[in-house]
Amino acid sequence: MMERIGAQKMFDNNWPRISNYIKENNESPNPYDIQQFCIQQAVVFPEKFLSEEELDKIKIDAYSTGNPLLSYMRVFAVLARDRYFEENGIDPSGIDTRQDENEAGQNISENYF
């Protein structure tokens, strides 16, 4: 799918705009929050990530292949997250670990009290 629609080129062409959008609108420096911001924004507001012509191309491909637009936009969200982390020196490796630790801590405190 990525090769068929030229997703990487679309993303590269829009990266300056996407990067500015993340910097201006994401309020948290937490990697998990940045990840969630990228996913939510790309899925709900795809026009913030791609031009109208690019979105039309993706919609036509989605229609002809029977895939939801959501699947395509999640790809762009992951590309945005990864590039943003790379350019801002953010280590993404602890996202799932911190979430697991928080959940474990909640379970311990719930059982303790």
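Residues numbered from 1 in each chain as written. Predicted model: local features only at pLDDT ≥ 70, side-chain atom pairs only at ≥ 80, totals over all residues. Heavy atoms only, no water.

Looking at the pattern of salt bridges
- On inspection of all chains with the given rule, the structure shows 3 salt bridges.
- With a closest N to O distance of 2.8 Å, D61 and R4 form a salt bridge. Within this pair, whereas D61 is found in helix 4 (residues 52-65), its partner R4 is found in helix 1 (residues 2-5), the two being separated by 57 residues in sequence.
- On the accessibility criterion, D61 (10% relative accessible area) is buried.
- Since its relative accessible area comes to 46%, R4 is described here as partly exposed.
- We note a salt bridge from D82 to R81, for which the minimum N-O separation is 2.8 Å. (Salt bridge = Lys/Arg side-chain N within 4 Å of Asp/Glu carboxyl O. Helix = DSSP H or I, 4+ residues; strand = E, 2+ residues; numbered from the N terminus. Buried < 20%, exposed > 50% of the residue type's maximum accessible area, 1.4 Å probe, protein only.)

A word on the packing of helix 2 (residues 7-25) against helix 5 (residues 69-87)
- Viewed as axis vectors pointing N to C, helix 2 and helix 5 meet at an angle of 60°, and their least axial separation amounts to 10 Å. Considering the angle they form, helix 2 stands oblique to helix 5. In the crossing of helix 2 with helix 5, the sense of the turn from one axis to the other is right-handed. Between helix 2 and helix 5, the residues in contact are A7, Q8, M10, F11, D12, W15, I18, S19, I22 and K23 and F76, L79, A80, R83, Y84 and E87, respectively.
- Within the contact of helix 2 with helix 5, the residues separate by chemical class into 10 nonpolar, 2 polar and 4 charged. (Axes fitted to C-alpha atoms, helices over the stretch in contact; angles between N-to-C directions. Parallel < 35°, antiparallel > 145°, perpendicular 65-115°, else oblique. Left-handed = near helix turned anticlockwise from the far one by under 90°. Contact = heavy atoms within 4.5 Å. Nonpolar A, V, L, I, M, F, W, Y, C, P; charged D, E, K, R; others polar.)

A few points about the side chain of E54
- Positionally, E54 belongs in helix 4.
- Setting aside its immediate chain neighbours within four residues, E54 contacts M10, N13 and N14.

Focus: the nonpolar core
- Residues I22, L50, F76 and A80 are the most contacted members of the largest nonpolar core, which totals 27 residues.
- At 9 residues, the largest contribution of residues to this core is made by helix 5.
- Apart from residues no more than four positions distant in its own chain, I22 is found in contact with W15, F37, C38, A80 and Y84. (Core = buried A, V, L, I, M, F, W, Y, C linked by side-chain atoms within 4.5 Å.)

Concerning the side chain of D61
- Within polar-contact distance, the side chain of D61 engages the side chain of R4 at 2.8 Å.
- If we ignore the near neighbours within four places in the chain, the residues touching D61 are R4, I5 and Y72. (Polar contact = N/O pair within 3.5 Å; in protein donor to acceptor, adjacent residues only side chain to side chain.)

Re helix 3 (residues 31-44)
- A rise of 1.5 Å per residue sets the reference length of helix 3, with its 14 residues, at 20 Å; its end C-alpha atoms lie 20 Å apart and thus fit the reference within 8%.
- Every buried residue of helix 3 is accounted for by P31, I34, Q35, F37, C38, Q41 and A42. Taken end-on, helix 3 shows its buried residues confined to a sector of 160°, consistent with a single buried face. (Expected span 1.5 Å × (residues − 1). Arc of directions from axis to C-beta.)

In short, shape yes, function no, at least from these values alone.
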